[in-house]
Amino acid sequence: MGKAFPAGKYQVEFDSTENALILVSKTDTRKSFMWVASPADYNSNMARLSLKFDDEANGRHELQRIRLATWETPVLDKRERHATQREVSITGGR
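Bear in mind the structure is a predicted one, so any value in this text is a computation, not a measurement. (Residues numbered from 1 in each chain as written. Predicted model: local features only at pLDDT ≥ 70, side-chain atom pairs only at ≥ 80, totals over all residues. Heavy atoms only, no water.)

Draft legend 1. Spotlight on the packing of aromatic side chains. As enumerated under the stated definition, the model contains two aromatic pairs in all. Centre to centre, the rings of Phe33 and Trp35 are 6.0 Å apart; their planes meet at 20°, and the pair counts as stacked. A relative accessible area of 12% means that Trp35 is categorised as buried. (Phe/Tyr/Trp six-rings, centres within 6.5 Å; stacked < 30°, edge-to-face > 60°. Buried < 20%, exposed > 50% of the residue type's maximum accessible area, 1.4 Å probe, protein only.)

Here it is in C-alpha cells:
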C-alpha cells in the first residue's frame, strides 16, 4: 500500500454499492482508503471487525487484511513475510 497512518481512531465501513471496505481516520477524515471486498466466513463467535497486521523486524506494523463481518479485503501487503502475524479484534463501533 505504501501509505503510513499514525496510531489513532479509525472507522471501517462497508460500501454495498462498490462492494468495498473503507478505512477512515476519525481525527483526519481526509485520510481514507478503499479496497474491493470479498465474502468472508463469519459466525457469531467471531469479532465483527478484525484487522491483521504483519510485525516487521524494525518494529513497524503493516496492515495485512481487514474483515468486517462477512466481508474482507484481499491480502494488502503481498511481500513475503518471515515475522509472525497477529490479529487484532475490535468490538463495538461500526
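Draft legend 2. Quick look at the sheet that holds strand 2 (residues 20–25). Taken in spatial order, the three strands line up as 1-2-3 in an open sheet, and their pairing is antiparallel. Looking at strand neighbours, the two that pair on one side only are strand 1 (10–15) and strand 3 (32–36), the edges of this open sheet. Neighbour to neighbour, the strand axes of the sheet diverge by 20° on average, direction disregarded. Pairing of strand 1 with strand 2 involves six bridges; the strand directions are antiparallel. Looking at strand 2, one finds that Phe14 is bridged to Leu21. (Pairing = 2+ DSSP bridges. Helix = DSSP H or I, 4+ residues; strand = E, 2+ residues; numbered from the N terminus. Axes fitted to C-alpha atoms, helices over the stretch in contact; angles between N-to-C directions.)

Draft legend 3. Structural context of unusual backbone geometry. A positive phi angle is found at Asn19, which is not glycine, with a value near 50°. Mapped onto the elements, Asn19 comes out in the loop between strand 1 and strand 2. Overall, Asn19 belongs to the partly exposed group, its relative accessible area being 34%. The backbone phi angle of Ala69 is positive, close to 50°, even though this residue is not glycine. Topologically, Ala69 is positioned in the loop between strand 6 (61–68) and strand 7 (71–72).

Draft legend 4. Seen up close, the pairing of strand 5 (residues 49–55). For strand 5, the buried fraction is high: six of the seven residues fall into the buried class. Where strand 5 hands over to strand 6, the hairpin turn is made up of five residues, of which Gly59 adopts a positive phi near 90°.

Draft legend 5. Fine view of the pattern of salt bridges. Scanning all chains against the criterion turns up one salt bridge. One salt bridge in this structure joins Arg30 and Asp28, with 3.0 Å as the shortest N-O distance. You can call Arg30 exposed: its relative accessible area is 74%. (Salt bridge = Lys/Arg side-chain N within 4 Å of Asp/Glu carboxyl O.)

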